[in-house]
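Listed below are the residues making up each chain.
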Amino acid sequence: MRPELVLFDNDGVLVDSEPIANRVLATLLTELGVPTAYEDSLRDYLGGTMARVHTIVRERDGVTLPEDFDHVYHERVFAGFRAELEAVPGVVDVLAALDAAGMPYCLASSGTHERIRLALTRTGLIGRFPESVIFSSQDVARGKPAPDLFLHAAATMGVEPGRCVVVEDSPLGVEAARAAGMTVYGHAAMTPAERLADADALFKDMVELPGLLGI
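Residue indices begin from 1 for each chain and proceed along its sequence in written order. Reporting in this predicted model follows two pLDDT cut-offs: at least 70 for local features of residues, and 80 or more for side-chain atom pairs to be given and counted; totals over whole chains, interfaces and linings ignore these cut-offs and use all residues. Side-chain metrics rest on all non-hydrogen atoms present in the structure, leaving aside hydrogens and water.

Novice: I'm lost on the pattern of salt bridges in this one. Help?
Specialist: Salt bridge, as used here: a side-chain nitrogen of Lys or Arg that lies within 4 Å of a carboxyl oxygen of Asp or Glu. What the rule picks out here adds up to 14 salt bridges. The residue Arg 43 makes a salt bridge to Asp 44 at a minimum N-O spacing of 2.8 Å. When a residue's accessible area, from a 1.4 Å probe over protein chains only, is under 20% of the maximum for its type it is buried; when over 50% it is exposed; and in between it is partly exposed. You can call Arg 43 partly exposed: its relative accessible area is 46%. One network of salt bridges, with partners in common, ties together Asp 40, Arg 43, Asp 44, Arg 60 and Asp 61.

Novice: Which parts of the structure should I look at to understand helix H2 (residues 38-45)?
Specialist: Given 3.6 residues per helical turn, the α-helix brings residues three or four places apart onto the same face. Each helix corresponds to a stretch of at least 4 residues labelled H or I by DSSP, and each strand to a stretch of at least 2 residues labelled E; elements are numbered beginning at the N terminus. Ser 41, Leu 42, Asp 44 and Tyr 45 are the residues of H2 that are buried. Those residues of H2 that are buried are in contact with helix H1 (18-31) and helix H3 (50-61). Where H2 terminates, the next one or two residues include Gly 47, which has phi positive at roughly 85 degrees. We call two residues contacting when some pair of their heavy atoms lies within 4.5 Å.

Novice: What's the story with the sheet that holds strand E5 (residues 183-187) in this structure? I'm lost.
Specialist: Through backbone hydrogen bonds, the strands of a sheet pair up, either in parallel or in antiparallel fashion. What makes two strands pair is DSSP finding at least two bridges between them. The six strands are arranged E3-E2-E1-E4-E5-E6 in an open sheet whose pairing can be described as parallel. In this open sheet, the two edge strands, each paired with only one partner strand, are strand E3 (134-136) and strand E6 (201-203). Each strand of the sheet is rotated relative to its neighbour by a mean of 25 degrees, with strand direction disregarded. When E5 meets E6, the two strands line up parallel, connected through three bridges. Bridge pairing in E6 places Gly 186 opposite Leu 202. Interaxial angle, 0 to 180 degrees, is taken between N-to-C directions of lines fitted to C-alpha atoms, where a helix line uses only the stretch in contact.

Novice: Sorry, what's going on with the side chain of Lys 144 here?
Specialist: Its location among the elements puts Lys 144 in the loop between E3 and helix H7 (148-157). There is a polar contact of 2.6 Å between the side chain of Lys 144 and the side chain of Glu 168. Other than its neighbours up to four places away in sequence, Lys 144 contacts Asp 9, Gly 47, Ala 108, Ser 109, Ser 110, Leu 149, Phe 150, Glu 168, Leu 172, Gly 173 and Ala 176. Whenever two N or O atoms come within 3.5 Å, that pair is a polar contact, provided that in protein one can donate a hydrogen and the other can accept it, and provided that, for residues adjacent in sequence, both atoms are side-chain atoms.

Novice: What should I look at first to understand the nonpolar core in this one?
Specialist: In a soluble, globular protein the nonpolar side chains are often hidden away together inside. Ranked by size, the top nonpolar core spans 70 residues in total, and within it Leu 7, Phe 8, Leu 98, Phe 129, Phe 150 and Leu 209 carry the most contacts. Residues within four places of Leu 98 in sequence aside, it is in contact with Val 6, Phe 8, Met 103, Tyr 105, Leu 213 and Ile 215. Think of a nonpolar core as a cluster: buried Ala, Val, Leu, Ile, Met, Phe, Trp, Tyr and Cys residues, connected wherever their side-chain atoms sit within 4.5 Å.

Next up, the structure:
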């Protein structure tokens, strides 16, 4: 199927932010008495919202994170973004190919609008994504793995879910896309392929994505 809309996750798909964000999260949780290794953060929180972090830590570890947790986390992550964030290798060529093919695309991320804008600006991708095609978990009641974000993005863009393809790198994102009734391609560059096994197809290098999209 040639899609009518491609929905890109941001972290780990457009921008190579997951190593930065998960290092910060693991360190901060450990400081607050919830020992967390980098690998633990990737396993438990990759692709999720900050609300999900609070819920897991409260229910699993019996710890209520402080009120300023999100603020401190984002301050540290944003400092890391400004210092070292880069676009995912090959994604600029993918976006150029979509533009050349006239295939619409948008961004649908668990991150906040502030985080998304900073990441896109730092990596030079901001020109590809006007505000009208950026969707955040802040825009819906439930974040991934619920389908709300993807359904909201598709409805706003005027495309039926069944005509959409989602590009994701997290199990939560794959679950959300499938719940939305969309085709989903799993970017298995950093995430182990077995964790994305529910995707319709897997790819490791962005050079493979245009072929999957039929362009």
